[in-house]
Amino acid sequence: MSNQVARIDVSGTTNLLDKLIIRNKDNFPAEIKQGVELLKNNAMLYVSQDKTLSEYAMKNPMEVAQHLYNFVTLGLDVYRKDAYLLMYAGKLTPIIDYKGLIALVLKYSAVDILKIEFDIVKENDNVKKANGEFTHEYNPFAERGKNIGAICVIYYANGSHTTTVMNKEEIEKVRNASPSSKSAYSPWVKWEESMWIKTVIRKATKTVPLDFNKGNMETSKLLQESYDKVDQDIQFEVVDRANNEEVVVQETVESVVVDVWCIK
């Protein structure tokens, strides 16, 4: 984040965020209701500590409040970096971090997921595919070389798993379709490896059916609408249309690994 700032009045955003939450709070999932005050306060703390964002919020309070509201309804804490609001060429863009994306998929998947594993693949790594199985091995203490791809494996409770592999060219196509990629402030510039990871996770999780129902159609509608708006930076649809191809997910993997997120 940029330098801390003071005396920029963001009360308009705070008041509008309060109104949005109060208006729809009855339809929030129970676990979100319990933590909504913390999420709201952290959202406004996040805004107040960024000079550019604070100035934008002062002039465009409803737009900022709506984005923050979408984050809050899904339980995403922007202060703890589950998601971000970033400026590109004067336009405010909501972006979900890969950690926030995984948390949402694990929470709302319509099928039971045990864990999601992912990693960057580098040119000196040992990657093999035999009989439909992938292995990815490397010495973490040796020079691994440049990034050449990324891999994500989703393990399901029924014993099956799916593997999504993307090479550098595929990831660069997604990057070039990103509305933020030409900006010096883009996450593609500032956090390149995280965006490679997020891209392969995003592609992998496109195959996971999500269920926002929570026993209430109004809750389902609220969460689905927020989910559809919380990430506007990775747009596979643009890439798929340009190449006239579908997203392909390969089946099965033997081992991949480094970062692991799972349900506890």
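Engineer: What's the story with the confidence of the model for the protein in this structure? I'm lost.
Structural biologist: As a general rule, the predicted coordinates of low-pLDDT regions are not to be interpreted in detail. For the protein, the average pLDDT comes to 84, and 85% of its residues sit at 70 or higher. Scored below 50 in pLDDT, residues 238-264 shows 73 contacts in the model against residues more than four places distant or in partner chains.

Engineer: I would appreciate a short explanation of the environment of lysine 122 in the present structure.
Structural biologist: In this structure, lysine 122 sits in strand S3 (residues 113-122). If we ignore the near neighbours within four places in the chain, the residues touching lysine 122 are Arg144, Gly145, Lys146, Asn147, Ile148 and Glu193. Engagement of the side chain of lysine 122 in a polar contact is seen with the side chain of asparagine 147, the distance being 2.6 Å.

Engineer: Honestly, the packing of aromatic side chains in this entry has me stumped. Any pointers?
Structural biologist: Where two aromatic rings form a pair, the distance of their centres and the angle of their planes describe that pair. Inspection of the entire model under this criterion finds five aromatic pairs. Summarising the aromatic geometry, the rings of phenylalanine 212 and tyrosine 227 are spaced 5.4 Å apart at their centres and angled 50° between planes, so their arrangement reads as tilted. Here the residue phenylalanine 212 occupies a position in the loop between helix H8 (192-205) and helix H9 (217-229), and tyrosine 227 occupies one in helix H9, the gap between them amounting to 15 residues. Per residue, the accessibility class of phenylalanine 212 equals that of tyrosine 227, and both read buried. Through a chain of ring-to-ring contacts, the aromatic side chains of Tyr108, Phe212 and Tyr227 assemble into a single cluster. Between lysine 99 and the ring centre of tyrosine 98, over which it is positioned, the NZ or CZ distance is 5.1 Å. Lying across the ring of tyrosine 138, arginine 144 places its NZ or CZ 3.5 Å from the centre.

Quick notes on the rules
Residues numbered from 1 in each chain as written. Predicted model: local features only at pLDDT ≥ 70, side-chain atom pairs only at ≥ 80, totals over all residues. Heavy atoms only, no water. pLDDT = per-residue confidence, 0-100. Contact = heavy atoms within 4.5 Å. Helix = DSSP H or I, 4+ residues; strand = E, 2+ residues; numbered from the N terminus. Polar contact = N/O pair within 3.5 Å; in protein donor to acceptor, adjacent residues only side chain to side chain. Phe/Tyr/Trp six-rings, centres within 6.5 Å; stacked < 30°, edge-to-face > 60°. Buried < 20%, exposed > 50% of the residue type's maximum accessible area, 1.4 Å probe, protein only. Lys NZ or Arg CZ within 6 Å of the ring centre and 35° of its normal.

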